[in-house]
Amino acid sequence: MRIRPASVLLVSAASLAFEILWLRLFAIAEYHHFAYMAVAVALLGIGASGTALALLAERIRGREAPVYATSAIALPISLLAGPVVVGLLPFEPTQIVFDRSQWLVVGAVVLALAAPFFLAGACVALALQHEPERSSALYGASLLGSGLGAVGTLAILVLLPPQHAPAIAALAAVAGAALALGRDADRAAVAGVSLLAVVAGVAVMRPPWEIPITAFKGLPQARAYPGAVERARAWDPTGWVAAVEAPAFRYAPGLSLAFRGALPPQVGLFLDGELVGAVSRWEGEPEELEFVRWLPSAAAYAMGRREQVLAVAAGGGVEILSALAHGAPKITAVELSPGVVRLADEVVDRLSAPYGRPGVRAVVGDARLYLDRSGETFDLIQFGPSGTFAGAASLHALDVDYLNTVEAYGAALSRLRPHGVLAITRWLRLPPRDDVRVIATVAAALRSLGYEDVGSRLAVLRSWGSVVVLVKPDRFTDADAAALRAFAETRLFDLDWLAGHDLSGVPRFNVLEPRVQARAARAVSEGGEVAESFFREYPVHVRPATDARPFFSHFLRARQALWLLRRPPAEWAPYAEWGYLAVLATLAQSVLLAAAFLLVPAWVVRRRAASGGARVEVAARAPAPAFGARSWSVFYFGGLGLGYLFVEMAFIQRLQLWLGHPVYAVAATLSAFLLFSGVGSLWYQRRVLPRAWWAAGVVAVMLLVYAWIFRDPGGLTAALPTGVLAAIAGIAVFPLATVMGIPFPAGLRQIEGPAAIAWAWAVNGFASVVAAPLATLLSLEAGMFTVLLGGAVSYGVASLALARHERS
Amino acid sequence: MRTRRTLSSRAVGALRVGSLAATIALGAVAYHARPGQESWAEERARMVSDQIVSRGVRDTATLRAMRTVPRHEFVPRAYLDAAYDDRPLPIGFGQTISQPYIVAYMTELLRPKPGDRVLEVGTGSGYQAAVLAEIVADVYTIEIFDELAKTAAARLGRLGHRNVYVRHGDGYFGWPEKSPFDAVIVTAAAGHIPPPLLEQLKPGGRMAIPVGSVYGVQTLVLVEKDREGRLTTESLLPVRFVPLLRGPR
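Residues numbered from 1 in each chain as written. Chains lettered and ligands numbered in written order. Predicted model: local features only at pLDDT ≥ 70, side-chain atom pairs only at ≥ 80, totals over all residues. Heavy atoms only, no water.

**Q** I'd like a rundown of the overall build of chain B, residues and numbers included.
**A** Check the secondary structure of chain B and you find eight helices and nine strands. In chain B, which comprises 249 residues, the proportion classed as buried is 52%. Look at the contacts in chain B between residues 6 or more apart in sequence, and 53% of them connect residues 24 or more apart. Accessible surface, chain B as shown: approximately 11400 Å² in total, 55% of it carbon and sulfur. (Helix = DSSP H or I, 4+ residues; strand = E, 2+ residues; numbered from the N terminus. Buried < 20%, exposed > 50% of the residue type's maximum accessible area, 1.4 Å probe, protein only. Contact = heavy atoms within 4.5 Å. Areas by Shrake-Rupley, 256 points an atom, 1.4 Å probe, with all protein chains shown as cover.)

Here it is in structure tokens:
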């Protein structure tokens, strides 16, 4: 009985869709970094399947097809059971540093998530074991299926709310199971698969699980307020949006302590459960919006009327209201989430709709792309704060943020009209970091545009909880300075920096020692060694963020993270960058688990061999790669696993700049790489390379070339539309990804026996899992260029290992 | 002979397993045994010395109150064993009972005196109100979640805190009929400080607001209203963490 490539394709599609869907579901239920951590560890299931099959190779020999069918039938069951089990567990990762019992729960969650990956991995490995001579076709089908799974997930997230989506993956798996049954399949198996199809179909319509959003996110808290009403929901691949109205819900970020009025009724907007802003109900009279005049971000209007205003990341529209209240006739509001824009206008009447008001133009899309490509110019560009303090609190260290880089601020500055102002508002944290990095980054942006004496073009205003950095390339005039002083004094804000203007005698309302913002502004004004010394001595990392290292929210230095972790949790918890720590923890877990899954079984089998048992033959096959004789295969398949993930991670980060959203970047990268690699693998089915090591060697050389070409992709975005960039990306990826599909089957042809094949699968799987957090750390600490180089080195090592093996 | 030796080794094995199980069971019983009142008092004393005094809280009234109020009465049963741990604990509705040090630090920050009237926004478990009630004349506390307000009121009544007045409602508007207050303590700020609370603060009064992530308080903001009614704020670092500020050595 043969295993159909179509079945392998569907099984792979289901498992990849499950992976991406769980990343989305966890991002809604918890926070992005927990999603990353849980799914990364669950992916160990693929490697574990290889280990298990290597150990059981002899028992399974000759029965691969029926075992494949059993695994394929179990797969949809595990896909449906996973969300149910996770929903039933008291999973609260926010308590993990304090509550040891949470580790058990995390373990259970990982097991529940790992089961489908184990089964899907086992299916692919069994198929390869069953017909090694067709390894290219089967591996190609697996890659194609995974690629289709990535594209399909995007389509699913457009069509269905996220909680319905996992059942679609189960449906694909049921189809894979049906194809796995031979014509002589017994009735029970056919009935079982039919029943599974019905159950999965019902689960698509009425999922037996809810998304258990952590109680610490803003949405559950707003829902719990007395009189709270959820007005509407929206979803798309970029996020899940909910609009909640409650009498006790109010939003006025950083409101002056001198404000004595009342806020209008508001509807809170929550993206993936976190507050992103609020829509105010008003009757169209500017007086109703008095409160926006008392927000720190209103400082720019103190220096005069602004005709053309750009509100960046406009959210619920508070900066739109501010522009309206200050008499701006033309307002452009850019918001990334289509759901936020739609609900902001839908949940209130026409007069209150922020994006639909006369004079307001809504641009749904990435603000960085808009800044790069739009030819429009503005009198004021506002980067407002979003969410609450909690939203700003160390949860986004891993976010790739191309909107807050030297290049992005440079693009914004070049969109300013004469006497125009760029205003960037950030929440104040201790020790100050976001605002300090903004000061450093805008100074670098000014210098990159050729401005000298950058300090004279900066002003820094600070309230009790936020900081506004104002940049005026034409320099602040005496009239500007007087207006800002008056604004600050009436609002009880502190004017920390206004170069060239005497600030002695300016009253201080908000004590913060030391006066870091002024020190930072002075240091970056001086530039050179003074700035360097400031960055070096500052307790956290605040150097300018760039497109090459676009991690604006990553402040913790690696040595500090390790040092902090040696302190009691109560001391370091307030300072933790959870995303960064999650990557460290994921890497540690992955390495330990991979080592356990690779070394312990090998040790067990070696002991069996030593004891002279009946399974000596198995022992000789399975553990050998780990102990010298076939160590080339560890380096080879491990190198491929590391390298492939490194390259994917690098492209995901690069494509985010071009495509404007991480979800699109992930889907485009995974689908393109997997589909093209599938094509490459299938092409290789009927061909033979003179030297098998050439394949990995060619990939290594290509990666060096790509790393050089893509070292600065930012320049391209200014000129080209997204469609053209996507086409360029596709054309660029095609040759690379196609060649990357060849080394794995080329390597498989060099090994013999089902145990060795399963072993290669295990090594490759574990290396991939370790690669994901490793690539993230490399990117954070050394930039994406280094990650691509890491990919080249991995493929180079793989190639050398195989070359040496071939020679011997 | 051979059989006897096997049986004997099995018996030894069973004995080993049995003793291991008994040890684990005893350990579990010991671990889960709830301390008596004296032990709770000892835990409180240890909490004050190890977590609070060591981090610089010196106000004697605050320290006395922290030694007196039985924190274990304010935590959910599931977290009883962690009642005096150096951490916040969940109490439902996404709310927490703050880390003991934060409660002490905020209490000290208010400079409470006998005879003061204090407003608390966000009763939660009622622990902060109970600590304040040990020092001041009256504590007025408002909780938006009805269930939390009811359980806190019942708990405070049961523990004999007759000078704490609990109200279910929206703390944003304060408690105007009982204002002005010598001190105001807000247990969560969502982006702005409610103007009505500033109005209800007496000249010379102090207000403390922690702002930060749910994982642990990051920043404390102290608002002071001087005798002329002028407002100033100070951003404070709650956990004395000098080594971080200087960078690791």
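**Q** Lay out the overall build of chain A in plain terms, naming residues and giving numbers.
**A** Scanning chain A from N- to C-terminus turns up 29 helices and 13 strands. Looking at the 808 residues of chain A, the share that counts as buried comes to 63%. Here the analysis covers contacts within chain A between residues at least 6 apart in sequence; of these, 76% occur between residues at least 24 apart.

**Q** How would you explain the nonpolar core if you had to name every residue and give the values?
**A** Burial of nonpolar side chains together is a common tendency in soluble globular proteins. Residue and element names in this part refer to chain A. Core analysis: the biggest nonpolar cluster contains 225 residues, and Y68, L470 and F637 have the highest contact counts within it. It is helix α5 (residues 101-130) that contributes the most residues to this core, 17 residues altogether. Leaving out residues up to four positions away in the same chain, L470 has contacts with A299, A300, M303, V421, L422, A423, R457, L458, A459, F476 and L484. A367, A443, A521 and F534 belong to the second largest nonpolar core, which has 52 residues in total. (Core = buried A, V, L, I, M, F, W, Y, C linked by side-chain atoms within 4.5 Å.)

**Q** Outline the sheet that holds strand β10 (residues 458-462) of chain A, listing residues and values.
**A** In any sheet, the strands associate via hydrogen bonds between backbone groups, in a parallel or an antiparallel arrangement. All names here are of chain A. Spatially, β7-β6-β5-β8-β9-β11-β10-β12 is the arrangement adopted by the eight strands of the open sheet, whose pairing is mixed. At either margin of the open sheet sits one strand with a lone partner, and together these are β7 (360-364) and β12 (494-498). Each neighbouring strand pair of the sheet contributes to a mean axis angle of 15°, computed without reference to strand direction. Where strand β6 (residues 330-335) meets β7, five bridges bridge the pair, whose relative direction is parallel. (Pairing = 2+ DSSP bridges. Axes fitted to C-alpha atoms, helices over the stretch in contact; angles between N-to-C directions.)

**Q** Could you give me a rundown of the pattern of salt bridges, with the residues and numbers involved?
**A** The tally for this structure, following the rule as stated, stands at 35 salt bridges over all chains. Note that R462 of chain A is salt-bridged to D494 of chain A, the shortest N-O span being 3.4 Å. With R462 of chain A in strand β10 and D494 of chain A in strand β12, this residue pair connects regions lying 32 residues apart in the sequence. Judged on exposure class, the residue R462 of chain A and its partner D494 of chain A are both buried. The residue D226 of chain B makes a salt bridge to R230 of chain B at a minimum N-O spacing of 3.2 Å. Under the relative-accessibility criterion, D226 of chain B is labelled partly exposed at 25%. Sharing partners across several salt bridges, the network here consists of R462, D494, D496 and R515 of chain A. (Salt bridge = Lys/Arg side-chain N within 4 Å of Asp/Glu carboxyl O.)

**Q** Provide a residue-level description of the pairing of strand β4 (residues 274-280) of chain A, including the pertinent values.
**A** Residues and elements named next belong to chain A. In terms of burial, β4 is a largely internal element, six of the seven residues being buried. Where strand β3 (residues 266-271) and β4 come together, six bridges link them in antiparallel fashion. Across the sheet, V267 pairs through a bridge with V279, a residue of β4. The loop that links β3 with its antiparallel partner β4 comprises two residues; one of these, D272, has a positive phi angle of about 50°.

**Q** Give me the environment of V292 of chain A: which residues, what numbers.
**A** Residue and element names in this part refer to chain A. With respect to the element layout, V292 can be found in the loop between β4 and β5 (308-312). On the basis of relative accessibility, which here comes to 0%, the residue V292 falls in the buried class. Taking the C-alpha atoms as reference points, V292 and I320, 28 residues apart in sequence, are found 9.8 Å from one another. The contact partners of V292, leaving out residues within four places of it in the chain, are A298, V318, L321, S322, A325 and H326.

**Q** Explain the sheet that holds β4 of chain A to me, using residue names and the numbers behind them.
**A** Residue and element names in this part refer to chain A. Read from one edge of the open sheet, four strands run β1-β2-β3-β4, paired in antiparallel fashion. Edge strands, defined here as strands with exactly one partner in the open sheet, are β1 (229-236) and β4. On average, each strand axis in the sheet is inclined to that of its neighbour by 20°, with strand direction left out of account.

**Q** Describe in detail the packing of helix α1 (residues 5-29) of chain A against helix α4 (residues 64-88) of chain A, supporting the description with residues and values.
**A** Residue and element names in this part refer to chain A. Interhelical geometry of α1 versus α4 gives an angle of 10° and a closest axis separation of 11 Å. Relative to α4, the element α1 is oriented roughly parallel. Two packed elements cross with a definite hand, and for α1 against α4 that hand is left-handed. Between α1 and α4, the contacting residues are S7, V8, V11, A14, F18, W22 and F26 on the first element and Y68, L75, L79, G82, P83 and V86 on the second. Counted by class, the contact of α1 with α4 contains eleven nonpolar, two polar and no charged residues. (Parallel < 35°, antiparallel > 145°, perpendicular 65-115°, else oblique. Left-handed = near helix turned anticlockwise from the far one by under 90°. Nonpolar A, V, L, I, M, F, W, Y, C, P; charged D, E, K, R; others polar.)

**Q** Kindly report on the confidence of the model for chain B, identifying the contributing residues and their values.
**A** All names here are of chain B. This prediction gives chain B a mean pLDDT of 82; 76% of its residues lie at or above 70. Predicted confidence for residues 1-7 stays below pLDDT 50, and this span has zero contacts to residues more than four positions away or in other chains. Low pLDDT, under 50, characterises residues 29-33; the predicted model gives this stretch two contacts beyond four residues in sequence or across chains. (pLDDT = per-residue confidence, 0-100.)

**Q** Summarise the pairing of strand β1 (residues 89-92) of chain B; cite the residues concerned and give the values.
**A** Residues and elements named next belong to chain B. In the sheet, β1 pairs with strand β2 (residues 95-97) via three bridges, with the strands oriented antiparallel. Bridge pairing in β2 links L89 to I97. Counting the residues between successive antiparallel strands, the hairpin from β1 to β2 contains two residues, one of them, F93, with a positive phi of roughly 60°.

**Q** Describe in detail α1 of chain A, supporting the description with residues and values.
**A** Spanning 25 residues, α1 of chain A covers 36 Å between terminal C-alpha atoms, matching the ideal 36 Å at 1.5 Å per step. For α1 of chain A, the buried fraction is high: 20 of the 25 residues fall into the buried class. (Expected span 1.5 Å × (residues − 1).)

**Q** Let's hear about the side chain of H164 of chain A: which residues, and what values?
**A** All names here are of chain A. Along the chain, the position of H164 falls in the loop between α6 (135-159) and α7 (165-180). You can call H164 buried: its relative accessible area is 15%. Contact partners of H164, with chain neighbours within four places excluded, come to V204, M205 and P207.

**Q** Please set out the packing of helix α3 (residues 44-60) of chain A against helix α28 (residues 754-782) of chain A residue by residue, giving values where relevant.
**A** Residue and element names in this part refer to chain A. The interhelical angle for the contact between α3 and α28, taken along N-to-C directions, is 160°, at an axis separation of 7 Å. Between α3 and α28, the crossing angle belongs to the class labelled roughly antiparallel. Every pair of crossing elements has a handedness; the one defined by α3 and α28 is left-handed. Counting all contacts with α3, which are made through L44, I46, G47, A48, S49, G50, T51, L53, A54 and A57, the residues of α28 involved are P754, A755, A758, W759, W761, A762, G765, F766 and V769. In terms of residue class, the contact of α3 with α28 is made up of 14 nonpolar, five polar and no charged.

**Q** Describe a negative patch on the surface, listing the residues and the values that go with them.
**A** On the surface, E283, E285, E287 and D349 of chain A cluster together into a patch of negative charge. Relative to the helices and strands, E285 of chain A is located in the loop between β4 and β5. (Patch = residues over 30% accessible without salt bridge, like charges linked within 9 Å, V, L, I, M, F, W, Y side chains within 5 Å. Lys, Arg positive; Asp, Glu negative; His and termini not counted. Charge placed at Lys NZ, Arg CZ, Asp CG, Glu CD.)

**Q** An account of the packing of aromatic side chains is requested, with residue identities and associated values reported.
**A** By the definition in use, this model includes 30 aromatic pairs over all chains. With a centroid separation of 6.3 Å and an interplanar angle of 45°, the aromatic rings of W632 of chain A and F637 of chain A are classed as tilted. Accessibility classification places W632 of chain A together with F637 of chain A in one group, the buried group. Look at Y140 of chain B and Y165 of chain B: their rings are 5.0 Å apart centre to centre, the planes differ by 20°, and that puts the pair in the stacked class. A residue pair is termed long-range when its members are at least 10 positions apart, and Y140 of chain B in strand β4 (residues 138-143) and Y165 of chain B in strand β5 (residues 164-168) qualify at 25 residues. On the basis of relative accessible area, Y140 of chain B is assigned to the buried category, the value being 5%. (Phe/Tyr/Trp six-rings, centres within 6.5 Å; stacked < 30°, edge-to-face > 60°.)

**Q** An account of the confidence of the model for chain A is needed here, citing residue identities and associated values.
**A** Mean pLDDT over chain A stands at 86; residues scoring 70 or higher make up 91%. The low-confidence segment residues 613-629 of chain A, where pLDDT is below 50, has 34 contacts with residues more than four positions distant or belonging to other chains.

**Q** Lay out unusual backbone geometry with the relevant residues and their values.
**A** Each neighbour pair has its own omega, and for S179 of chain B with P180 of chain B the value is 0°, a cis peptide bond. In this fold, P180 of chain B is placed in the loop between β5 and β6 (181-186). Although it is not a glycine, D272 of chain A sits at a positive phi angle of roughly 50°. Turning to its location among the elements, D272 of chain A is positioned in the loop between β3 and β4. Residue A313 of chain A is not a glycine yet carries a positive backbone phi of 50°.

**Q** Break down a nonpolar patch on the surface for me, citing the residues and quoting the values.
**A** All names here are of chain A. Together, V701, V705, W708 and I709 make up a nonpolar patch on the protein surface, roughly 420 Å² of accessible area in all. Position of I709 among the secondary structure elements: in helix α24 (residues 693-709). Residue I709 is classed as partly exposed on the basis of its relative accessible area of 47%.

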